[in-house]
Amino acid sequence: MPTVAVLGGGVAGLTAAHELAERDFDVVVLESRSIPGGKARSLPVPNSGVDGRADLPAEHGFRFFPGFYRHIPDTMSRIPTAGGTVLDHLTAATRVMIARAGGRGEMLSAAHRPSSLDDLAVVSRFLVEWTTALGIPVAEQSVLMERLLTLLTSCDERRFAQWEEQSWWEFVGAERRSEAFQKFLADGLTRTLVAARAREISARTGGLILAQLLFDITRAGGRADRVLDRPTNEAWIDPWIAHLRALGVDVRLDSPVQGLLLEGDRVVGVTTPQGIVSADFYVAALPVEIMRTLAGPPLRQLDPRFAALDRLVTRWMNGVLFYLDQDISLVHGHTIYIDSEWALTSISQAQFWRDIDIGRYGDGTVRGILSVDVSDWDTPGRRTGKVASKCSREEIRAEVWGQLVDHLNDGTTPRLDESRVLAWFLDPAIEFPNPTDATNLEPLLINTAGSWRDRPESTTRIPNLMLAADYVRTNTDLATMEGANEAARRAVNAILDATDSRAARCTIFTLAEPSILRHARRLDRVRWKLFHSPARAPLRVTGDGGLKPRGILGHLAMSLGGAR
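Remember, predicted model here, so these are calculated numbers, not experimental data.

Draft legend 1. Summary view of the overall build of the chain. Counting its secondary structure elements, the chain contains 15 helices and 27 strands. What you see for the chain is a C-alpha radius of gyration of 25 Å, in line with the 24 Å of a compact globule of 564 residues. For the chain, the spread of C-alpha atoms along the three principal axes comes to 85 × 65 × 50 Å. Here the chain holds 564 residues, and 56% of them are scored as buried. A fraction of 68% describes how many contacts in the chain between residues 6 or more apart in sequence connect residues 24 or more apart. Accessible surface, the chain: about 23000 Å² in total, of which carbon and sulfur atoms supply 53%. Where the 65 positive side-chain charges of the chain centre and where its 70 negative ones centre are 8 Å apart.

Structural data, given as structure tokens:
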């Protein structure tokens, strides 16, 4: 069988190796770090374990598995563990909390379709609070629903040619809405869910992902929020590596790719500190900030589309963890601090690690772990007056804790007590060349308006180089584990096609949408073609700028209307 070198050992790289190994390819994985898993990996807090205990578990950012993820669960179901598969380690969160600062309380909702009287009561209370407490006029709340329905009834041609080119802010008309609408439904949702600014994220991407999360909550059996029942590498990555090695995959850690060697129109090797690695095919499963540096002039000459990688935008979304001497559950799921300056979200993890003795980590005194994601590093914090990227480590810690307190300690009994904090951790991807100027080694790709045109397919014009990363065009269309997994499957399918393999192709899932709307999408495709296909244009522009129908189709077009 042909040999394949997979460049990168994150979710995309491990997925590619898995799919190839199952089809009897000879695979080597080159991972730059000593711990595989990429952004999904869990990390040890250095030197925190004493008396034979393991180091405290930490992470780049907490893991989140929405119900609309299908590629990742499919892969998990094929990774064996003692007594089952990795998929068995996914557990459902039942609630989501939205916390507001300034003593305005929290709003609690079910993270799934109501299945009990308690769920129904929680959802009913949430809907009442949502319509009254946030100060968003009812008419403007209906605007959000109308905009989502417009997306869902639009044909693919309109989604890519029209809504992809608009920002979420423009699409929902935020400039004309109330301050509350702008704060909560425009900026608040995009900042906390995908670390993106409403003024820059594509309306197509932002709106359709929001719709998927809503479907997860409303469909029978749907789950908007699932998490792992132990640290990520223990639950998922370590069993995955063991399974890949059992399949014959050569997983090499501490092996960063330093360059691509070309002869003619093909890649003939990659350089690593340990030497040159050669293969028949190469799968570049590297983040965009790394790939754009490896794609130098020789590669761009062979495939000019690599130049578009320079236009893709990344932002920061990194984790801060607090280790407590007691478990503070807060809510059985994630908490969104909807108006926090740094767009915080959090989860209290110990409640989901039921079969894990947290006392086996650190010095044995930790009982709770509050994992926080910081998604806005460019807005000044109230305490420091600085943006997070200009803060020192201690300033970041103080500001994050302070914003949590602002949102949670608004009752007679404070939920957070700083004296309970035994230790804390900041994602080591945040580096400090000097005390007030941080850099981020692992930023997050943002789907800005119009960026689809700059994102490549999994195939390139170099016949033996495929791309598998979250910036590749996918149905998932978001920089997530799910998107990375799908991109890897597409890259593997391209190799199978190139080798005329008889092996089954990797399954590619689509995002499910209500079937009842399919007729509306078909009608919109007719409208789109009538108004936007020059070869079929049934309307002509008159001298005064008006439209005049041509034949029966022209009159039909005038009756249907072309603008949305």
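Alright, that's what it looks like, and here's the rest.
Draft legend 2. Structural detail: the packing of aromatic side chains. The full count for this structure, using the stated rule, is eight aromatic pairs. Measuring from ring centre to ring centre gives 4.9 Å for Phe 160 and Trp 452, while their planes differ by 55°; the resulting arrangement is tilted. Placement of Phe 160 in helix 5 (residues 156–163) and of Trp 452 in the loop between strand 24 (444–446) and strand 25 (465–467) is noted, with a sequence separation of 292 residues between them. Note on Phe 160: relative accessible area 31%, which makes it partly exposed. Of note, Arg 199 hangs over the ring of Trp 169, and the distance from its end group to the ring centre comes to 3.6 Å. The positively charged end of Arg 204 is found above the aromatic ring belonging to Trp 452, 4.9 Å away from the centroid.

Draft legend 3. The arrangement of the sheet that holds strand 20 (residues 368–374) in detail. Read from one edge to the other, the open sheet built from seven strands follows the order 9-8-18-19-20-17-21, with strand pairing classed as mixed. In the strand order of this sheet, the two ends are held by strand 9 (106–110) and strand 21 (421–426), each with one partner. Neighbouring strand axes in the sheet, compared pairwise and without regard to direction, differ in orientation by 20° on average. In this structure, strand 18 (residues 334–337) lies alongside strand 19 (residues 344–348), joined through three bridges in antiparallel fashion. The residue of strand 19 that forms the bridge with Thr 335 is Ser 346.

Draft legend 4. Structural detail: the side chain of Glu 200. Take Glu 200: it is sitting in the loop between helix 7 (179–194) and helix 8 (203–218). On the basis of relative accessibility, which here comes to 14%, the residue Glu 200 falls in the buried class. Reaching out from Glu 200, the side chain makes a polar contact with the side chain of Arg 315 at a distance of 2.8 Å. For Glu 200, the residues in contact, after removing those within four places along its chain, are Ser 167, Arg 315, Ile 446, Asn 447, Thr 448 and Ala 449.

Draft legend 5. Local environment of the sheet that holds strand 11 (residues 250–252). The five strands are arranged 11-2-1-15-25 in an open sheet whose pairing can be described as parallel. Strands with a single pairing partner mark the edges of an open sheet, and in this sheet they are strand 11 and strand 25. Put simply, the sheet's adjacent strands are angled 20° from each other on average, direction ignored. Looking at chain direction, strand 1 (residues 3–7) and strand 2 (residues 26–30) are connected through five bridges and run parallel. Pairing of Ala 5 across the sheet is with Val 28, part of strand 2. Across the sheet, helix 1 (residues 11–22) touches strand 1, strand 2 and strand 15 (281–284), and the angle it forms with strand 1 is around 165°.

Draft legend 6. How the structure looks around the pattern of salt bridges. Throughout the structure, instances matching the rule amount to 43 salt bridges. Close ionic contact of Glu 418 with Arg 397 constitutes a salt bridge, the shortest N to O distance being 2.7 Å. Remark: Arg 397 occurs in helix 12 (residues 393–408) and Glu 418 occurs in the loop between helix 12 and strand 21; sequence separation between them is 21 residues. On the accessibility criterion, Arg 397 (12% relative accessible area) is buried. Salt bridges sharing common partners tie together Glu 19, Glu 22, Arg 23, Asp 74, Arg 78 and Arg 489.

Draft legend 7. Fine view of the nonpolar core. In terms of nonpolar packing, the biggest core is built from 66 residues, with Leu 7, Trp 168, Met 291, Phe 306 and Tyr 471 touching the most fellow members. Ranked by residue count, the leading element in this core is helix 7, at six residues. Residues Tyr 69, Trp 236, Val 249 and Ile 495 belong to the second largest nonpolar core, which totals 47 residues.

Draft legend 8. Focus on unusual backbone geometry. Even without being a glycine, Asp 51 presents a positive backbone phi close to 55°. Mapped onto the elements of the fold, Asp 51 is located in the loop between strand 3 (42–44) and strand 4 (57–59). Phi is positive for Asp 477, close to 55°, though the residue is something other than glycine. The topology assignment puts Asp 477 in the loop between strand 25 and helix 13 (481–498).

Draft legend 9. Focus on a nonpolar patch on the surface. A cluster of nonpolar side chains, namely Leu 261, Val 268 and Ile 276, defines an oily patch on the protein surface of about 220 Å² accessible area. Following the sequence through the fold, Val 268 ends up in strand 13 (residues 266–272).

Draft legend 10. Quick peek at the confidence of the model for the chain. Here the chain shows a mean pLDDT of 90. Residues at 70 or above account for 92%. Per-residue pLDDT stays below 50 along residues 541–546; that stretch engages in five contacts with residues further than four places along the chain or on separate chains.

Draft legend 11. Summary view of the packing of helix 1 against helix 9 (residues 232–246). At a minimum axis separation of 10 Å, helix 1 and helix 9 run at an interaxial angle of 30°. With respect to the hand of their crossing, helix 1 and helix 9 are arranged in left-handed fashion. Contacts from Val 11, Leu 14, Thr 15, Ala 17 and His 18 of helix 1 reach helix 9 at Trp 236, Ile 237, Trp 240, Ile 241, His 243 and Leu 244. For the contact of helix 1 with helix 9, the class distribution of residues is eight nonpolar, three polar and no charged.

The rules behind these values
- Residues numbered from 1 in each chain as written.
- Predicted model: local features only at pLDDT ≥ 70, side-chain atom pairs only at ≥ 80, totals over all residues.
- Heavy atoms only, no water.
- Helix = DSSP H or I, 4+ residues; strand = E, 2+ residues; numbered from the N terminus.
- Rg over C-alpha atoms; globule rule 2.2 N^0.38 Å.
- Buried < 20%, exposed > 50% of the residue type's maximum accessible area, 1.4 Å probe, protein only.
- Contact = heavy atoms within 4.5 Å.
- Areas by Shrake-Rupley, 256 points an atom, 1.4 Å probe, with all protein chains shown as cover.
- Lys, Arg positive; Asp, Glu negative; His and termini not counted.
- Charge placed at Lys NZ, Arg CZ, Asp CG, Glu CD.
- Phe/Tyr/Trp six-rings, centres within 6.5 Å; stacked < 30°, edge-to-face > 60°.
- Lys NZ or Arg CZ within 6 Å of the ring centre and 35° of its normal.
- Pairing = 2+ DSSP bridges.
- Axes fitted to C-alpha atoms, helices over the stretch in contact; angles between N-to-C directions.
- Polar contact = N/O pair within 3.5 Å; in protein donor to acceptor, adjacent residues only side chain to side chain.
- Salt bridge = Lys/Arg side-chain N within 4 Å of Asp/Glu carboxyl O.
- Core = buried A, V, L, I, M, F, W, Y, C linked by side-chain atoms within 4.5 Å.
- Patch = residues over 30% accessible without salt bridge, like charges linked within 9 Å, V, L, I, M, F, W, Y side chains within 5 Å.
- pLDDT = per-residue confidence, 0-100.
- Left-handed = near helix turned anticlockwise from the far one by under 90°.
- Nonpolar A, V, L, I, M, F, W, Y, C, P; charged D, E, K, R; others polar.

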